[in-house]
Amino acid sequence: MASRRIVAVGGSDAGISAALRACELDPDGEVTVVVADAYPNFSICGIPYYVSGEVCRWSDLAHRTLADLTATGMQVRTDTLAPASTCSASGFRCVMPTAAPSNCRTTH
Ligand SMILES: Cc1cc2nc3c(=O)[nH]c(=O)nc-3n(C[C@H](O)[C@H](O)[C@H](O)COP(=O)(O)OP(=O)(O)OC[C@H]3O[C@@H](n4cnc5c(N)ncnc54)[C@H](O)[C@@H]3O)c2cc1C
């Protein structure tokens, strides 16, 4: 049985980073990313390079493919909107990234 069930809402930089770290820290846990759109882990910062033609294929803006992400052990649910009421209705415990975790090492 999974030791912990973690759901990251959002599949861009923050959500995917959180999910990857959760997989790393708790390999037996069940990590799911819920993402409203169909493009997890895309670099929206790269959009200007696609528009200018410097990047030819929009799909090259993905840091990782869906297959890469699922290979890490996480589940990714694309085209899935988490309603604001999800936490209170489901008994989820919400963890908001308001502070660095106590085991966080800084390099500066
Ligand atoms: C053109 C452009 C250029 C940029 N250039 C730079 C740069 O050079 N350097 C830099 O540091 N930053 C840059 N940024 C900013 C950077 O892209 C953002 O700071 C970063 O993307 C924020 O990441 P995020 O994961 O917090 O949120 P977002 O990237 O906004 O992602 C939000 C995610 O949550 C999902 N989501 C939202 N609501 C729900 C819901 N209810 N249920 C499920 N999923 C949901 C969305 O589908 C999406 O996957 C740029 C942004 C743009 C638009």
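As a reminder, the structure under discussion sits directly above these lines.
Calculation criteria
- Residues numbered from 1 in each chain as written.
- Predicted model: local features only at pLDDT ≥ 70, side-chain atom pairs only at ≥ 80, totals over all residues.
- Heavy atoms only, no water.
- Phe/Tyr/Trp six-rings, centres within 6.5 Å; stacked < 30°, edge-to-face > 60°.
- Helix = DSSP H or I, 4+ residues; strand = E, 2+ residues; numbered from the N terminus.
- Buried < 20%, exposed > 50% of the residue type's maximum accessible area, 1.4 Å probe, protein only.
- Near = heavy atom within 4 Å.
- Polar contact = N/O pair within 3.5 Å; in protein donor to acceptor, adjacent residues only side chain to side chain.
- Areas by Shrake-Rupley, 256 points an atom, 1.4 Å probe, with all protein chains shown as cover.
- Nonpolar A, V, L, I, M, F, W, Y, C, P; charged D, E, K, R; others polar.
- Pairing = 2+ DSSP bridges.
- Axes fitted to C-alpha atoms, helices over the stretch in contact; angles between N-to-C directions.
- Contact = heavy atoms within 4.5 Å.

## Here's the deal with the packing of aromatic side chains
In this description, a pair of aromatic rings is defined by centroid distance and the angle of the planes. Going through the model one piece at a time under the given rule, you end up with three aromatic pairs. With a centroid separation of 5.5 Å and an interplanar angle of 75°, the aromatic rings of Tyr-39 and Phe-42 are classed as edge-to-face. Note on Tyr-39 and Trp-58: the rings are 5.6 Å apart at their centroids and 90° apart in plane angle, and the pair reads as edge-to-face. Highlighted residues: Tyr-39 in the loop between strand E2 (30-34) and helix H2 (47-52) and Trp-58 in the loop between H2 and helix H3 (66-71), separated in sequence by 19 residues. Look at Tyr-39 and you get partly exposed, because its relative accessible area is 45%. Among the residues examined, Trp-58 registers a relative accessible area of 44% and is labelled partly exposed. An aromatic cluster is present here, built from Tyr-39, Phe-42 and Trp-58 joined pairwise through their rings.

## Focus: the site of the ligand
Close to the ligand lie 16 residues, the nearest being Ser-12, Ala-14, Ala-36, Asp-37 and Ala-82. A distance of 3.1 Å separates an oxygen atom of the ligand from a polar atom in the backbone of Gly-11. Contact distances for the ligand include 3.3 Å between an oxygen atom and a backbone N or O atom of Asp-13. The fraction of the free accessible surface of the ligand (1000 Å²) that becomes covered by protein chains is 48%. Of the residues in the shell around the ligand, the class split is ten nonpolar, four polar and two charged.

## What about the sheet that holds E2?
Within the open sheet, the three strands sit side by side as E1-E2-E3. Their pairing is parallel. Looking at which strands have only one partner, the edges of the open sheet turn out to be strand E1 (5-9) and strand E3 (75-77). For this sheet the average axis-to-axis angle between neighbouring strands, irrespective of direction, equals 20°. Here E1 pairs with E2 via five bridges, running parallel. By the bridge assignment for E2, Val-7 is matched with Thr-32. The sheet contacts of helix H1 (residues 13-25) involve E1 and E2, and relative to E2 the element is tilted by about 175°.

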